[in-house]
Amino acid sequence: MATAESMQQARIAIREGRLVDARRLLRQVIHEDPKKHAAWLLLARATPDKKLASQYKDRARQLQPDSP
């Protein structure tokens, strides 16, 4: 599955509350492109563990420090 399609499917899964599906899709995206800033942010959003979500957000900030 293409990265853009996987990202879109992950967004839909998050919106529908299918967080396990979203995390699976986002891990695939990150495996293909570990520098994909938006994937790390979405993964943080789909992760119920606050500490782990914070680590994902930190990773996104490292990749794009100027992003809001």
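See above for the structure.
A brief report on the enclosed structure follows. Keep in mind the model is a prediction, meaning the values are calculated, not measured.

Attention shifts here to the pattern of salt bridges. On inspection of all chains with the given rule, the structure shows 3 salt bridges. Put simply, Arg 18 and Glu 16 hold a salt bridge, and the shortest N to O gap is 2.9 Å. We note a salt bridge from Asp 58 to Arg 61, for which the minimum N-O separation is 2.6 Å. You can see Asp 58 and its partner Arg 61 sitting in helix H4 (residues 50-63), 3 residues apart, about one turn around the helix. Given the relative accessible area of 34%, Asp 58 is considered partly exposed. Bridged by salt links that share partners, the residues Glu 16, Arg 18 and Asp 21 form one connected network.

When two helices pack together, their arrangement is given by the angle between their axes and by how far apart the axes lie. Contact geometry of helix H3 (residues 37-45) with H4 gives a least axis separation of 8 Å together with a crossing angle of 165°. Relative to H4, the element H3 lies roughly antiparallel. Seen along the crossing, H3 lies across H4 with a hand that is left-handed. Along the contact surface, H3 presents His 37, Trp 40, Leu 41, Leu 43 and Ala 44, while H4 presents Ala 53, Tyr 56, Lys 57, Arg 59, Ala 60 and Leu 63. Along the lines of polarity and charge, the residues of the contact of H3 with H4 split into 8 nonpolar, 1 polar and 2 charged.

Moving on to helix H1 (residues 3-15). In this model, H1 (13 residues) spans 18 Å end to end at C-alpha, consistent with the 18 Å of a helix rising 1.5 Å per residue. Of the residues making up H1, those classed as buried are Ser 6, Met 7, Ala 10, Ala 13 and Ile 14. Along the long axis of H1, the arc covered by the buried residues comes to 125°, so they all point the same way. Those residues of H1 that are exposed and aimed more than 90 degrees away from the buried face are Ala 4 and Arg 15. Where H1 ends, the next residue or the one after it, Gly 17, has phi of about 80°, a positive value.

Inspection of the secondary structure puts Ala 22 in helix H2 (residues 19-32). When its relative accessible area of 0% is taken as the criterion, Ala 22 is described as buried. Ignoring any residue separated from it by four or fewer positions in sequence, one finds Ala 22 in contact with Ala 10, Ala 13, Ile 14 and Ala 46.

About the thresholds
- Residues numbered from 1 in each chain as written.
- Predicted model: local features only at pLDDT ≥ 70, side-chain atom pairs only at ≥ 80, totals over all residues.
- Heavy atoms only, no water.
- Salt bridge = Lys/Arg side-chain N within 4 Å of Asp/Glu carboxyl O.
- Helix = DSSP H or I, 4+ residues; strand = E, 2+ residues; numbered from the N terminus.
- Buried < 20%, exposed > 50% of the residue type's maximum accessible area, 1.4 Å probe, protein only.
- Axes fitted to C-alpha atoms, helices over the stretch in contact; angles between N-to-C directions.
- Parallel < 35°, antiparallel > 145°, perpendicular 65-115°, else oblique.
- Left-handed = near helix turned anticlockwise from the far one by under 90°.
- Contact = heavy atoms within 4.5 Å.
- Nonpolar A, V, L, I, M, F, W, Y, C, P; charged D, E, K, R; others polar.
- Expected span 1.5 Å × (residues − 1).
- Arc of directions from axis to C-beta.

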